Amino acid sequence: MLQRSVLHCLSVVPPPQTLNAPTPKSFSTPLEAALHKQIQTLGPLPLPTYTSLCMTHPTFGYYTTSNPLASDLNKGDFVTSPGLSQAFGETLAAWACYNLKEFRYVEYGPGDGTLCSDFLRTMSQLNRRPSECYLIDESPILIREQHRTLGVTLDSYIHSKDDIPTQSIVVQTGLAKDGRTRVTWLKDLPPVNVKVPELIVCHEFLDALPAHVFQFKGGRWRERMVDINWEGEEEVKVEVNSQAYTGVKKQDLTEISKSSNLRLVLSQTPTPALKTLLKTDGKGISKLVPGKENEVIEIQPEALSLIQEFSTRISVNRGLALLIDYVGKGDTTRAFSDHEQVEVLERPGECDITVSCDYDQYEKEVEGKGAVCWRRGQGEFLVECGMGNRVQSLIESDDTTVEEANKIYAGFEKIVEDMKTFEVMVIGGESNIQGVKRGTPIGFK
């Protein structure tokens, strides 16, 4: 199994002070200029480093400088299920209350807070509420949206708390609009509470975690890197402290694709990620994964690390992890802008970069942690959990107009029929809170 400390170090983002923009040139975004300068100094960047900078750079990052979410298909860069139908979150809340008598709510990447809001409202209607509510996010813009959606009145901005270790870092806390539920924003998971199960929710979060992309080419594994587009240049003009890139001529780097200023290339010699994740030797050969010509494998170290942590925690507190995302294998790393797919190198910092989640890899990380998992297509899961009945009741309500009814049905149809690549994975402990063998959760029977 991959250890978290090893996984984390593979995607370390260089400190922001190394990202000073070079002499003005024709760059599509400020971040592209900064990346150009960094690559001139350090050499080609692993794709996860490039992705992390594009998504979370403190000054030029996609999530740190904008709100990409849309309430419909005419706004933002993408729309998620909670924005399409309130019945989505309501169905998940009813499912959680059915499977767990008591729990604390922990959500990663809560977007604009709509899913959490629908969850809390539905629980209140069922005379339930979570013992605690934690939201884990680092986007200041989206956190402000969450405040608004949840109606939270903040009562403190703190950096640490006696009962929460510093690595969790409490950012803000306050009461939601129901006046009873305390919502706390964290940078990481709270400490395990062995007495109270927790529900960990990741809805379209894991796809945002960067992936190393490996390609089998010329009888060996190589890693995709982001390089400067040395158009017209015969040789890279900088010495790099890496055997893989020192003195490499342009024609020696296998080019995958390019923009006006950047390009994707394949590494010349095995990178640290290749040696660690595929166990390659000095020639790029892996006994673990033999490989076929042009085969592509994507591995998300941060995502796999989280799955390990979720499984370990749940085996102790007898809770559940609810993961909902689009799934796939192979060459899936891509970018989106204004609801359209674009090249990964296009307008760095202004496009959403995403990867399809490999649930087969995730499932392997659950093994041996005292946990088990269940999987099912999103549409089948939601229908079995009663979303269709809830949608029908909304449509038939006397307060619903014809226009609203059409919108409700269109959202339901898109979620259960059109999102064919979306899959639900639930991780649970091998036994429930009473210590007996856990039964199959509703939605997977």
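Residues numbered from 1 in each chain as written. Predicted model: local features only at pLDDT ≥ 70, side-chain atom pairs only at ≥ 80, totals over all residues. Heavy atoms only, no water.

## Side note on the overall build of the protein
How we decide: A run of DSSP states H or I qualifies as a helix once it reaches four residues; a run of E qualifies as a strand once it reaches two. Both are numbered from the N-terminal end. Here, residues are in contact when the closest pair of their heavy atoms is within 4.5 Å. The method behind every accessible area is Shrake-Rupley, applied with a 1.4 Å probe, and residues are considered shielded solely by the protein chains displayed.
Regarding its fold elements, the protein presents 14 helices and 18 strands. Sequence-distant contacts in the protein: of pairs separated by 6 or more residues, those separated by 24 or more amount to 73%. For the protein, the exposed area adds up to about 19900 Å²; of that, 50% sits on carbon and sulfur atoms.

## As for the nonpolar core
Taken as a class, soluble globular proteins show a tendency for nonpolar side chains to be buried jointly. The test is simple: Residues belong to a common nonpolar core when they are buried Ala, Val, Leu, Ile, Met, Phe, Trp, Tyr or Cys residues joined through side-chain atoms within 4.5 Å. For every residue, the accessible area (1.4 Å probe, protein chains only) is compared with the maximum for its type, and the residue is labelled buried under 20%, exposed over 50%, or partly exposed between those bounds.
One finds Leu92, Trp95, Tyr105, Phe119, Leu199 and Met387 to be the most contacted residues of the largest nonpolar core, which totals 47 residues. In terms of residue count, helix α6 (residues 86-99) provides more of this core than any other element does, seven residues in total. When residues no more than four places from it in sequence are discounted, the contact partners of Tyr105 are Leu115, Cys116, Phe119, Pro130, Glu132, Cys133, Tyr134, Leu135, Leu199 and Val201. Listed in part, the 37 residues of the second largest apolar core include Val106, Leu189, Phe214 and Ala273.

## Remarks on the environment of Asn389
With respect to the element layout, Asn389 can be found in helix α13 (residues 387-396). Sequence separation between Asn389 and Thr91 is 298 residues; the distance between their C-alpha atoms is 9.7 Å.

## Points about the sheet that holds strand β14 (residues 334-337)
For clarity, the cut-off: Paired strands, as defined in this entry, are two strands with at least two bridges between them according to DSSP. Fitted lines through C-alpha atoms give the axes, limited to the stretch in contact for helices. The angle between two N-to-C directions lies from 0 to 180 degrees.
Here three strands make up an open sheet; going across it, the order is β15-β14-β16 and the pairing antiparallel. A strand with exactly one partner marks an edge of an open sheet, and here the two such strands are β15 (340-342) and β16 (352-354). The sheet shows a mean angle of 40 degrees between the axes of neighbouring strands, taken without regard to direction. One ladder, built from three bridges, connects β14 with β15; its direction is antiparallel. The partner of Ala335 across the bridge, within β15, is Val342.

## A short note on α13
We count it as follows: Throughout, the arc means that of the directions going from the helix axis to the C-beta atoms.
Of all the residues in α13, the buried ones are Met387, Val391 and Leu394. The buried side chains of α13 occupy one side of the element, clustering within an arc of 60 degrees when seen end-on. Opposite the buried face of α13, by more than 90 degrees, sit the exposed residues Asn389 and Glu396. Where α13 is buried, its residues contact α6, α12 (378-384) and α14 (402-418).

## Details of the pattern of salt bridges
Inclusion rule: Salt bridge, as used here, is a side-chain nitrogen of Lys or Arg placed within 4 Å of a carboxyl oxygen of Asp or Glu.
Within this structure, the stated rule accounts for 19 salt bridges. For Asp118, the salt bridge is made with Arg121, and the minimal N-O distance between the two is 2.9 Å. Here Asp118 and its partner Arg121 are both found in helix α7 (residues 114-125), three residues apart, which amounts to about one turn of the helix. A relative accessible area of 6% places Asp118 in the buried class. When the shortest N-O distance is used, the salt bridge between Arg376 and Glu384 registers 2.4 Å. Relative accessible area serves as the criterion here: at 22%, Arg376 is assigned to the partly exposed category. Taking relative accessible area as the criterion, Glu384 reaches 32% and is therefore assigned partly exposed.

## Focus: the state of the cysteines
The test is simple: A pair of cysteine sulfur atoms is labelled a disulfide when the two atoms are within 2.5 Å.
In this structure the tally under the stated criterion is zero disulfides. Of all cysteine sulfurs in the structure, the one in Cys351 sits closest to Cys54, which takes part in no disulfide; the separation is 8.6 Å.

## A closer look at the packing of helix α2 (residues 30-42) against helix α3 (residues 47-56)
Stated formally: Handedness of a crossing is defined here by the sense of rotation of the near helix relative to the far one, left-handed for an anticlockwise turn of less than a right angle and right-handed for a clockwise turn. Under this grouping Gly is polar, as are all residues other than the nonpolar Ala, Val, Leu, Ile, Met, Phe, Trp, Tyr, Cys and Pro and the charged Asp, Glu, Lys and Arg.
Their axes nearest at 11 Å, the elements α2 and α3 cross at an angle of 150 degrees. Here the hand of the crossing between α2 and α3 comes out right-handed. Counting all contacts with α2, which are made through Leu31, Leu35 and Gln38, the residues of α3 involved are Tyr50, Leu53 and Cys54. Of the residues in the contact of α2 with α3, the class split is five nonpolar, one polar and no charged.

## Digging into the packing of α13 against α14
For any two helices packed against each other, the geometry comes down to the angle between their axes and how far apart the axes lie. For the record, the criterion: Between 65 and 115 degrees an angle is taken as roughly perpendicular, under 35 as roughly parallel, over 145 as roughly antiparallel, and anywhere else as oblique.
At their nearest, the axes of α13 and α14 sit 9 Å apart, and the two run at 170 degrees to each other. Considering their axes alone, α13 and α14 lie roughly antiparallel with respect to each other. Considering only the axes of α13 and α14, their crossing is left-handed. Where α13 abuts α14, its residues Met387, Gly388, Val391, Leu394 and Ile395 lie against Ala405, Ile408, Tyr409, Phe412, Ile415 and Val416. Broken down by class, the residue content of the contact of α13 with α14 amounts to ten nonpolar, one polar and no charged.

Nothing here speaks to function; it is geometry throughout.
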